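Listed below, chain by chain, are the residues.
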Amino acid sequence: MTERYHDRLDVRTTLATGDVMALFRRALGYLWPQRRLFAARAGLMVLIYGLGLPLPWFLKILIDHGVMQQPIPPGGEGLLYPFFMTGYLDSASGLDPLAVTLYALVVLAVVFLFVGYSGNTLLEANLAEGADVATRSENKISAGFSAAHGLVGLLDLCLAIRLSQRITHHVRGELFSRLSRQPLTSVNLQRSGDAIFRVLHDAPSIAGICYALTLNPLAMIVSVGANLWVLTVVYGGVAPELVWIGFSAVGLTLLATSPLARWARHASQASRASGSATTDEVEEGLKNVAAVQSLGGSDRQRAQFAVASRESFRQSLLLVWVVNVVEWIAEHVHLVFATAGFWVIFAGIIRGELTLGDIPVVLRMYSLLYETSMQFGRIWIDQQDNAAAARRVFFSMDHEAEQSAASRPAKIPLPGADPLTLRFEGVGFRYPDGRRALAGVSFEARAAQTLAIVGPSGAGKTTLAQMIPKFLHPTEGRITLNGVDLAELDTTAVRRDVAYVFQEHQLLTDTVAANLRIASPDATAAEMESACRVAGALDFVRAMPEGFESRIGRGGGALSTGQKQRLSIARGLLRGAPILILDEPTAALDPDTERALMDALSASGQDRLTIVIAHRLSTIERADRIVFVDQGRVVETGNHDELLAKPGGAYRRFVDLQVAGTA
């Protein structure tokens, strides 16, 4: 299944009952930061159910003492009323039937203004949704309900929505932070559509778990407990069967639906994984639309998307089917108990043990018991979907990510007046799949130098360079800055002092200024102009309609390849880092622009170590030092003239091939 849904990292998706319980415990931890809001919501919920207890008794008063005109003795003595109605009955004692009716209606109107028909009403925040997990997750982001209408219900609903939003925001922020700090080896394995799905559609399920395991059971326990208590006190001697029917409904629902929990978890996991795969197809297809169109792959791309979309719909349908099977079982279990409960009620009326006014009281209480016990019995089943989503969230949070230790040095140490020194000492690297990229790499570079890393394609040049800003970590040997192992330096601090310009231009769909300020958020206009001037980008930026405030299209689509490259270099220069790494910086530049760029970099880099990964001889020969890499090993080091003077040397053969290719 994981292969079919594109997963390469998250491949163990099976959850046992113990795993689910562990997920639930972890999810509940997100309630603690919101404990005050949670406590306010819980208190308001208890208040709502408390205010709702007297409501059906006013209906009994309307029927028995208004319509049926039965007199009300002082304190309701001899009548079937709970103790909390004694004060009202005292105040209504002696009133004529019409006055009793008006009095009860006024009290009901006031209560309805604040709470509505508390307990039997539901005020929800949900909007229209589909059957798939993606559209339902939109409701979970701002999930909320109140058992009351009116002013109190509105306040309760607002608290509920705010609590859901805060929990989801917390989870999303933490998840995004972890995903953005994944090592490149992990990023290159997992497609970005899956990460988007987890942040947008899986994360809201944590709030759902928090509600389902705390506030929902609390509401159910308060409702069931209060109503069973009132039933026992008032009707225990007349219809004790109603109490046992309520208890039995809860137990039997749990027994009937619990065996389906594993099935529900599996269906939800498959639905979410297939939804992620569909998102992957959309992201991949739109990201590479130019390549697809140019190579005539549009039909194939559409076919791949169609397959993924159909599979997503199929899995969503299966999940709906599972949920409805569970609901069907729960409904039919309670149909039996409802029938039994109605028999008890009407048989009591026929025998004269209950009055007509008892009908709305008992029916309302039993309705609450029936609905609440059914919901209580389904909690475990309903949370299997959230458990599948929570597993995906916590997997991504727990997956290997770059760590920043507060105890590590915050800056690259620069002892005395000595220039910065970078040293590779027997460095080797293997990718997680076992492929070896580097072996025994050793060399040294200093500030004010331009170091060229040269070699054939696939030699390990980029892998070597990506170790300096700790995108990758040596599997053997070590890399030091001024004698301090990179492994002992804080990752954030290292990247603050290392600017890396990738070969693939990674530009935001924003303005020129916004792209430049990624490197230095507080950069002034003069600083941006200076960086663009050195990179050879200032002329074309000034020629744009709004200069630095001009938008450059999706991923810089409004710029030529050479302009993207120069803007990326300008961004790296604006960083002002003591180490600048350029991966194929002149590949898309004409000779004149290339020469001007290299001259400008050399002139501006008196205190900077510039590392260039290059194939073009015109770029390489300007370097102060050259490291020639082949098959993951350093074969030769020296400057252009020294290496060219070696008969049969690897660098000389490399140069001869270039010269022959341009002849």
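To be clear, the structure that these remarks concern was listed above.
Throughout, residues of each chain are indexed from 1 in the direction in which the sequence is written. Two thresholds apply to this predicted model, a pLDDT of at least 70 for residue-level local features and 80 or more for giving and counting side-chain atom pairs, whereas whole-chain, interface and lining totals are computed over all residues. Side-chain numbers here rest on the full set of heavy atoms in the structure, without hydrogens or water.

Looking at helix α3 (residues 55-67)
Per the convention used, a helix needs a DSSP run of H or I reaching at least four residues, while a strand needs a run of E reaching at least two, with both numbered from the N terminus. Multiply 1.5 Å by the residue count of a helix minus one, and that product is the helix's expected span. The end-to-end C-alpha distance of α3, which contains 13 residues, comes to 17 Å, matching closely the 18 Å that a straight helix rising 1.5 Å per residue would cover. The classification of residues rests on relative accessible area computed with a 1.4 Å probe and restricted to protein chains. Under 20% of the type maximum is buried, over 50% is exposed, and intermediate values are partly exposed. Within α3 the residues assigned to the buried category are L55, P56, W57, F58, K60, I61, L62, D64, H65 and G66. Residue Q69 follows α3 closely and has a positive phi angle near 60°.

Considering the pattern of salt bridges
Here the idea is simple: oppositely charged side chains can pair when their charged atoms come close. Each salt bridge in this description consists of a side-chain nitrogen of Lys or Arg and a carboxyl oxygen of Asp or Glu lying within 4 Å of one another. Per the stated rule, a full pass over the model turns up ten salt bridges. With a closest N to O distance of 2.6 Å, D398 and R26 form a salt bridge. Remark: R26 occurs in helix α1 (residues 17-28) and D398 occurs in helix α15 (residues 358-398); sequence separation between them is 372 residues. The class of D398 is partly exposed, set by a relative accessible area of 49%. A salt bridge links R392 to D202; the shortest N-O distance between them is 2.5 Å. Linking R392 in helix α15 with D202 in helix α9 (residues 192-202), this pair joins segments that are 190 residues apart in sequence.

Observations concerning the packing of helix α19 (residues 525-535) against helix α21 (residues 561-574)
At a closest axis distance of 8 Å, the pairing of α19 and α21 adopts a crossing angle of 125°. Considering their axes alone, α19 and α21 lie oblique with respect to each other. Along this stretch, α19 crosses α21, giving a crossing that reads as right-handed. Contact with α19, carried on its side by E527, M528, A531, C532, V534 and A535, involves R566, I569, A570, L573 and L574 of α21 and no other residues of that element. Polar here means any residue outside two lists: the nonpolar Ala, Val, Leu, Ile, Met, Phe, Trp, Tyr, Cys and Pro, and the charged Asp, Glu, Lys and Arg; Gly therefore counts as polar. For the contact of α19 with α21, the per-class residue count stands at nine nonpolar, no polar and two charged. Geometry is summarised by axes, namely lines fitted to C-alpha atoms with helices restricted to the contacting stretch, and by angles between N-to-C directions that run from 0 to 180 degrees. Reported orientations rely on four angle classes, namely roughly parallel under 35 degrees, roughly antiparallel over 145, roughly perpendicular from 65 to 115, and oblique for the rest. A clockwise turn of the near helix away from the far one marks a right-handed crossing, whereas an anticlockwise turn of less than a right angle marks a left-handed crossing. Here, residues are in contact when the closest pair of their heavy atoms is within 4.5 Å.

Examining the environment of T524
Mapped onto the elements of the fold, T524 is located in the loop between α18 (512-516) and α19. When its relative accessible area of 41% is taken as the criterion, T524 is described as partly exposed.

So, the sheet that holds strand β10 (residues 609-613)
On the basis of which strands lie adjacent, the open sheet formed by six strands has the order β8-β9-β10-β5-β11-β12 and mixed pairing. Both outer strands of the open sheet, β8 (498-501) and β12 (633-638), are each paired with one neighbouring strand and no more. Mean inter-strand twist for the sheet, computed between neighbouring axes without regard to direction, equals 15°. Where strand β11 (residues 625-630) meets β12, five bridges bridge the pair, whose relative direction is antiparallel. Counterpart to D630 in the pairing with β12 is R633. The strands touched by α21 within the sheet are β8 and β9 (579-583), with β8 carrying the most contacts at an inclination of about 175°. DSSP bridges decide pairing: two strands pair if at least two such bridges lie between them.

Section: the pairing of strand β4 (residues 436-446)
Across seven bridges, the pairing between strand β3 (residues 421-430) and β4 is antiparallel. For F429, the partnering residue across the bridge sits in β4 and is L438. The loop that links β3 with its antiparallel partner β4 comprises five residues; one of these, G434, has a positive phi angle of about 100°.

Topic: the nonpolar core
Proteins that are soluble and globular tend to have nonpolar side chains buried together. In plain words, nonpolar cores are sets of buried Ala, Val, Leu, Ile, Met, Phe, Trp, Tyr and Cys residues tied together by side-chain atoms within 4.5 Å. Judged by nonpolar contacts, the single largest core of 47 residues is most densely connected at L516 and F548. In this structure, A27, L31, L37 and V393 belong to the second largest nonpolar core, which totals 37 residues.

Brief notes about a nonpolar patch on the surface
Residues qualify for a patch when their relative accessible area is over 30% and they have no salt bridge, like charges being joined within 9 Å and the nonpolar side chains of Val, Leu, Ile, Met, Phe, Trp and Tyr within 5 Å. Here the accessible surface of atoms and residues is derived via Shrake-Rupley with a 1.4 Å probe, and residues count as covered only by protein chains that are part of the display. A surface patch of nonpolar side chains, about 560 Å² in accessible area, is lined by L102, V106, V110, L113, F114 and L151. At five residues, the largest contribution of residues to the nonpolar patch is made by helix α5 (residues 97-115). For V110, the location among the structural elements is in helix α5.

Some words on unusual backbone geometry
One non-glycine residue, A448, lies in positive phi territory at about 75°. Looking at the secondary structure, you find A448 in the loop between β4 and β5 (450-454). Given the relative accessible area of 40%, A448 is considered partly exposed. In this model, K470 sits at a positive phi of 65°, which is unusual for a non-glycine residue. Tracing the backbone shows K470 in the loop between α16 (461-466) and β6 (476-481).

Some remarks on the side chain of E636
Assignment of secondary structure puts E636 in strand β12. The charge count treats Lys and Arg as positive and Asp and Glu as negative. His and the chain ends do not count. The charged side chain of E636 is buried without a salt bridge, its nearest counter-charge being K646 at 4.8 Å. In protein, a polar contact requires one atom able to donate a hydrogen and another able to accept it; more generally it is a pair of N or O atoms within 3.5 Å, and residues adjacent in sequence count only if both atoms are side-chain atoms. Separated by 3.1 Å, the side chain of E636 and the backbone nitrogen of A650 make a polar contact. Those residues within four positions of E636 in sequence are excluded, and the remaining contacts are I626, V627, F628, L643, K646, G649, A650 and Y651.

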